[in-house]
Amino acid sequence: MNGDVTTSAQITRQLDKAIVFSLLGMVVAIPLSESLKSILFGLSLTCWLVKMVITKNFSVQIPPIGWAFLTWLSAIFVSSLFSTCGFFVGVRDVLLYTIFFFLLVNTIHSRDQVWMVIWAVIIGIGLGEVLALYEYLIAKEYVFSGRDMTRLHIGSLGFTGAYLAMIFALLFGLWSHIRFASKPQTFLIAVSLLSGLALLFTYTRTMWIVVLIIAALCALLHRQWWPIGGGALIIASLVVGMITSPWISNRIMVLANPLTAPSFVSRFPIWDAAMRMFHEYPLLGVGHKCFKPNREQFGVPENIGQAHNLFFHVAAELGSLGIIALVVWVGAYIYFLYQTRKQMLDPLSRSLWFATMGSFVTILIGGIIDPMIGSEVSLLFMLVTGLLIVSQRLAAEKQT
């Protein structure tokens, strides 16, 4: 009997290690490879389920904000049942990043593991940026002029600019509260410089502005001057870009009158088409991930696959049910940020709080021009949220 108990305990420990290391590999792979990310996620999830079976413990911790995430998933589920393009297509993406959140919250049990995940995020984006910048600047020999400049993309990231803005939120949060040794600090500085260069060549003006806002919020909330220097460095890089590239110059000059900019005005017919979808399917929409398959029927301009606005997109794909679920999600997260800020117990929690707040700002502001909920952006958002919850739990346990 004792031998069986010992063997079971050993298997459980090995499964715990397998979960953590497969999660770390998945996090590194997020900006690098869609297939590798999915394989490692499947491995970590399988190990978690096997552990539940062996220990006969099927309880899953659901933090209060987790119920808001489940509300959003439920809206996706119901809409996809009556979708015009298939149930699994709609549910798959949201199911993945929601399970990922619960996997993190339930399987990360120490500060060392929290730090391992944070470093996995930074290593992954650093590798992705090196590969992307090499391909963009050297392998394909792009010229920094002309009207047809190709945007930089990192790996399989759907919204590269938004992912980089969230990385800056994480970096600013860490620098505001953590003192690093010289080698980690040098690595963080190198990744931040790579991130700034990569962000510049995404030509995503909204995310340029978001990063400046995040820097300003960091300076305001933490009463520190160094984020102002970071923002000044970003502005200086944009100025250099204006001088060296007519393309960047045109992108920046349009910001003088953003409401009359051609790129903004061109969204009006897309929003009109999204509203026609909503009027045709007011309760449940056309179905999650079904905007693109229905674009011809509702007169969406050619080659447009989404509504270029978070709320218009949700209204078209998920109808009134989706709008309600989105408002609940946004309101719940604002309350979550308010509550957790009052309860921050250690520097790591404070760092991750700022990362979650900056990521939330990225989604809301980016949502003006793109539906930012989905794919790798949501994975990173769920990651920093989950790590914040874990770090606060560990800090509270340490005090008791």
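Below or above, wherever it landed, is the structure these notes cover. Here the structure is a predicted model, which means the values were calculated and not measured. (Residues numbered from 1 in each chain as written. Predicted model: local features only at pLDDT ≥ 70, side-chain atom pairs only at ≥ 80, totals over all residues. Heavy atoms only, no water.)

### Comments concerning the overall build of the chain
Counting its regular elements, the chain contains 15 helices and 0 strands. Taking all 400 residues of the chain together, the buried fraction comes to 52%. Carbon and sulfur atoms make up 67% of the accessible area of the chain, which totals about 18,400 Å². (Helix = DSSP H or I, 4+ residues; strand = E, 2+ residues; numbered from the N terminus. Buried < 20%, exposed > 50% of the residue type's maximum accessible area, 1.4 Å probe, protein only. Areas by Shrake-Rupley, 256 points an atom, 1.4 Å probe, with all protein chains shown as cover.)

### Some words on the pattern of salt bridges
One pass over the full model with this rule turns up 5 salt bridges. With a closest N to O distance of 3.1 Å, Glu34 and Lys37 form a salt bridge. Of this pair, Glu34 and Lys37 both sit in helix 2 (residues 34-55), 3 residues apart, which is roughly one turn of the helix. Under the relative-accessibility criterion, Glu34 is labelled partly exposed at 37%. The closest approach of N and O atoms between Asp346 and Arg111, which form a salt bridge, is 2.5 Å. Here Arg111 lies in helix 5 (residues 111-139) and Asp346 lies in the loop between helix 13 (310-342) and helix 14 (347-366), a separation of 235 residues in the sequence. Arg111 gets classed as partly exposed once you look at its relative accessible area, which sits at 38%. (Salt bridge = Lys/Arg side-chain N within 4 Å of Asp/Glu carboxyl O.)

### A few points about the packing of helix 4 (residues 87-107) against helix 15 (residues 375-399)
With their axes 8 Å apart at the nearest point, helix 4 and helix 15 run at an angle of 20° to one another. Considered as vectors, helix 4 and helix 15 are oriented roughly parallel to each other. By crossing handedness, the relation of helix 4 to helix 15 is classed as right-handed. Mapping the contact onto sequence places Asp93, Leu96, Tyr97, Thr98, Phe100, Phe101, Leu104 and Val105 in helix 4 and Ser375, Ser378, Leu379, Met382, Leu383, Thr385, Gly386, Ile389, Val390 and Arg393 in helix 15. When its residues are assigned to classes, the contact of helix 4 with helix 15 shows 11 nonpolar, 5 polar and 2 charged. (Axes fitted to C-alpha atoms, helices over the stretch in contact; angles between N-to-C directions. Parallel < 35°, antiparallel > 145°, perpendicular 65-115°, else oblique. Left-handed = near helix turned anticlockwise from the far one by under 90°. Contact = heavy atoms within 4.5 Å. Nonpolar A, V, L, I, M, F, W, Y, C, P; charged D, E, K, R; others polar.)

### Quick word on the packing of aromatic side chains
Counted by the stated rule, this structure contains 20 aromatic pairs. On the basis of an interplanar angle of 40° and a centroid distance of 6.5 Å, the ring pair of Phe69 and Trp329 is categorised as tilted. Of this pair, Phe69 sits in helix 3 (residues 64-81) while Trp329 is found in helix 13, placing the two residues 260 residues apart along the sequence. A relative accessible area of 6% means that Trp329 is categorised as buried. Here Trp329 and Phe381 contribute two aromatic rings whose centre-to-centre distance is 5.6 Å and whose plane-to-plane angle is 45°, an arrangement assigned as tilted. Taken together, the positions of Trp329 in helix 13 and Phe381 in helix 15 put the pair 52 residues apart, joining distant regions of the chain. Look at Phe381 and you get buried, because its relative accessible area is 3%. An aromatic cluster of at least three residues, connected via ring pairs, comprises Phe69, Phe101, Phe102, Trp329, Tyr333, Phe336, Phe360 and Phe381. In this structure, Arg341 packs its charged tip against the face of Trp353, placed 5.0 Å from the ring centre. (Phe/Tyr/Trp six-rings, centres within 6.5 Å; stacked < 30°, edge-to-face > 60°. Lys NZ or Arg CZ within 6 Å of the ring centre and 35° of its normal.)

### With respect to the state of the cysteines
This model, assessed by the stated rule, comprises 1 disulfide. The partner cysteine of Cys85 in its disulfide is Cys290, sulfur to sulfur 1.8 Å. In this structure the cystine formed by Cys85 and Cys290 twists about its S-S bond by roughly -85°; its chirality is therefore left-handed. Of the two residues, Cys85 sits in the loop between helix 3 and helix 4 while Cys290 sits in the loop between helix 12 (268-280) and helix 13, which places them 205 residues apart along the sequence. (Disulfide = S-S within 2.5 Å.)

### Examining empty space enclosed by the protein
Over the atoms rolls a probe the size of a water molecule, and in doing so it shows where empty space is left. According to the stated counting rule, one finds 1 cavity of 30 Å³ or more in the structure shown. In this structure, the largest cavity encloses a volume near 70 Å³. Along its surface, the largest cavity is lined by Phe69, Trp72, Tyr97, Thr98, Trp329, Ile363, Ile373, Ser378, Phe381 and Met382. Secondary-structure elements contributing two or more residues to the lining of the largest cavity are helix 3, helix 4 and helix 15. Looking at the lining of the largest cavity, the element that brings in the most residues is helix 15, giving 3 residues. Across the lining of the largest cavity, the residue classes tally to 8 nonpolar, 2 polar and no charged. (1 Å grid on protein atoms, 1.4 Å probe; cavity = no way out; pocket = protein on both sides within 12 Å on 5 of 7 lines; lining within 4 Å. Points joined across faces, edges and corners; volume = space filled by probe spheres on them.)

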